[in-house]
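# A closer look at the structure
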Amino acid sequence: MNSISESYKTHPIHLNHIIPLDFKHVLKLPDSHTWTSLSNDYDPPINYPNADSSIPIIDLCDPNAAELIRNACEQWGVFQLTGHGIPVALLEDIEYQTRRLFSLPAEQKLRAVRSQETSTGYGVARIAEFFPKLMWSEGFSVMGSPAEHARQLWPHHHTKFCDVMEDYQKEMKRLSERIIMLMLESLGLAREDLKWLKPNKGSKQAQGLLQLNSYPVCPDPTRAMGLAPHTDSSLLTLLYQSNISGLQVLQDNSGWVTVQPLAGALVVNIGDLMHILSNGQFKTVLHRAVVNKTQHRLSIAYFYGPPRDVMVSPAMKLTDGDHPPLYRPVTWKEYLDAKAIYFNKALELIRFDAIDAKR
Ligand SMILES: O=C(O)CCC(=O)C(=O)O
Ligand SMILES: [Fe+2]
């Protein structure tokens, strides 16, 4: 079993936090989805007019890509990637199949609902249980072949859906590995410093989760939350947000900044594990998704993480007397378990200063 499934099995979720609202038939924002009490989350987002202070855009073919990536990861923890080589047709296909899925009637989508202990299928975002109000979104999670759930959705027409989901995961895995190599290089690390990245044999396989997100049109977007603020637990996340804005990242001292959709680009988010591996040098970025009144927004996130038995720790070469390791080593499973209990506090809890304070 993979780390994500294993952790989700250990931390089953309450049924209320699995089944989404039938958004199509709701004309007024229900109290269950009204977030007025968290008013400080509603500071208007900042849209920088000046390109120098907005989220970096990096072309993967740029000869200085590694250096640009390093700057972006240190300052922002997020950047937009162009020149990544993912065929436009595949991006169009995955968007089409995602829309096809979420356009189904609610009762049909519920045939593929996630069970309380599993990580794949249809349902609300797992972080729902940490917030008093529900989010204006629904999701579908895939790991490997989605055939079992897809058959429930379309008994006779699921092959294309499955092919696209599998092709997309393969491409995302390959691209994630390429980006991670550049990140390591930019930190002065070599492939040998992360032996598991390109394993020769089967057991040490990197793990990935594909998350399709749907944010239906919302009657009152200023009081609703698409996806509440969180950091990703992955090493990195590749997000395709198509052409409708909604993703925002929190930048120190500035507030929420919108990541403006850029045709064909992928958003690269630094996850908690990469923050640990870089000994805090790369930022893990707090982000959220907001909703709108007129357009049904979709996003497709691929979370890339290490093989199940690998301990992630601050890279030795990045630590010395002046830069002691900030975090204790963790496997992805252990970290997901901590996240399932402590959510956005999990990272703090594995910091050495927090561990020392408890002694
Ligand atoms: O929809 C988005 O833009 C963000 C999605 C996201 O953060 C996630 O799936 O973890
Ligand atoms: Fe996220």
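To keep things clear, this report deals only with the structure shown in the data block. Computed from a prediction, not measured in an experiment: that's the story for all the values here. (Residues numbered from 1 in each chain as written. Chains lettered and ligands numbered in written order. Predicted model: local features only at pLDDT ≥ 70, side-chain atom pairs only at ≥ 80, totals over all residues. Heavy atoms only, no water.)

Now for the pattern of salt bridges. For the structure shown, the criterion picks out ten salt bridges. Its salt-bridge partner being R328, residue E334 comes within 3.3 Å of it at the nearest N-O pair. The partly exposed category is assigned to R328, whose relative accessible area is 29%. Note that D337 and K333 form a salt bridge whose closest N and O atoms lie 2.5 Å from each other. Taken together, the residues D337 and K333, both in helix α8 (residues 332-342) and four residues apart, mark about one turn of the helix. A residue is classified by how much of its surface remains accessible, and D337, at 16% relative accessible area, is buried. In this structure K333 comes out as buried when scored by relative accessible area, which is 17%. (Salt bridge = Lys/Arg side-chain N within 4 Å of Asp/Glu carboxyl O. Buried < 20%, exposed > 50% of the residue type's maximum accessible area, 1.4 Å probe, protein only. Helix = DSSP H or I, 4+ residues; strand = E, 2+ residues; numbered from the N terminus.)

Direction vectors running N to C along helix α2 (residues 65-75) and helix α6 (residues 159-186) enclose 85°, while the axes themselves pass 8 Å from each other. The orientation of α2 relative to α6 falls into the category roughly perpendicular. Along its contact with α2, which presents A65, A66, I69, R70 and C73, the element α6 presents L182, M183, E185 and S186. Considered class by class, the residues forming the contact of α2 with α6 number six nonpolar, one polar and two charged. (Axes fitted to C-alpha atoms, helices over the stretch in contact; angles between N-to-C directions. Parallel < 35°, antiparallel > 145°, perpendicular 65-115°, else oblique. Contact = heavy atoms within 4.5 Å. Nonpolar A, V, L, I, M, F, W, Y, C, P; charged D, E, K, R; others polar.)

Here is the key point about a regular strand: its side chains alternate between the two faces of the sheet. In terms of residue burial, strand β12 (residues 297-305) counts as a mostly covered element, since nine of its nine residues are buried. Taking every second residue as pointing to the same face, both faces of β12 are buried, with R297, S299, A301, F303 and G305 on one and L298, I300, Y302 and Y304 on the other. Bridge analysis of strand β5 (residues 207-215) against β12 gives nine bridges, and the strand direction is antiparallel. Considered in β12, the bridge of Y215 is made with R297. Bridging between strand β7 (residues 236-240) and β12 involves five bridges; their strand directions are antiparallel. Each bridged residue has a counterpart across the sheet, and for Y240 the counterpart in β12 is I300. (Pairing = 2+ DSSP bridges.)

Here we come to the sheet that holds strand β11 (residues 287-289). Strand order in this open sheet of four strands is β6-β11-β8-β9, and the pairing throughout is antiparallel. At either end of the open sheet lies a strand with only one pairing partner, and these are β6 (227-230) and β9 (255-258). Each strand axis lies, on average, 25° off the axis of its neighbour in the sheet, ignoring direction. Taken together, the three bridges between strand β8 (residues 247-251) and β11 define a ladder with antiparallel strand orientation. Note that in β11 the partner of L247 across the bridge is A289.

Here we take up the coordination of the iron ion (ligand 2). Donor atoms from the polypeptide that coordinate the iron ion (ligand 2) comprise H230 (NE2), D232 (OD) and H287 (NE2), at 2.1 to 2.3 Å from the metal. In the primary structure, the donors to the iron ion (ligand 2) are separated according to the pattern H-x1-D-x54-H. Note that D232 is positioned in the loop between β6 and β7 and H287 in strand β11, a separation of 55 residues in sequence. Taken as a pair, D232 and H287 share a single burial class, namely buried. (Donors = N, O, S within 2.8 Å, 3.2 Å for Na, K, Ca; no water.)

Another aspect to go through is the side chain of R288. For R288, the position within the fold is in strand β11. Given the relative accessible area of 3%, R288 is considered buried. A distance of 2.7 Å separates polar atoms of two side chains, one belonging to R288 and the other to Q248. (Polar contact = N/O pair within 3.5 Å; in protein donor to acceptor, adjacent residues only side chain to side chain.)

Attention now moves to α2. Three- or four-residue spacings in an α-helix give side chains the same orientation, since the helix completes a turn every 3.6 residues. Residues of α2 that are buried: A65, A66, I69, A72 and C73. Seen along its axis, α2 keeps its buried residues to an arc of 130°; they face one direction. The inward-facing, buried residues of α2 contact β1 (57-59), β2 (78-82), α6 and β10 (266-270). (Arc of directions from axis to C-beta.)

Strand order across the open sheet formed by eight strands is β1-β2-β10-β7-β12-β5-β4-β3, with mixed pairing between neighbours. Each edge of the open sheet carries a strand with a single partner, namely β1 and β3 (121-123). Pairs of neighbouring strands in the sheet enclose a mean axial angle of 25°, with direction left out of account. Relative to strand β4 (residues 138-142), β3 is paired through three bridges, and the arrangement is antiparallel. Within the sheet, the bridge partner assigned to Y122 lies in β4 and is F140. The sheet contacts of α2 involve β1, β2 and β10, and relative to β1 the element is tilted by about 160°.

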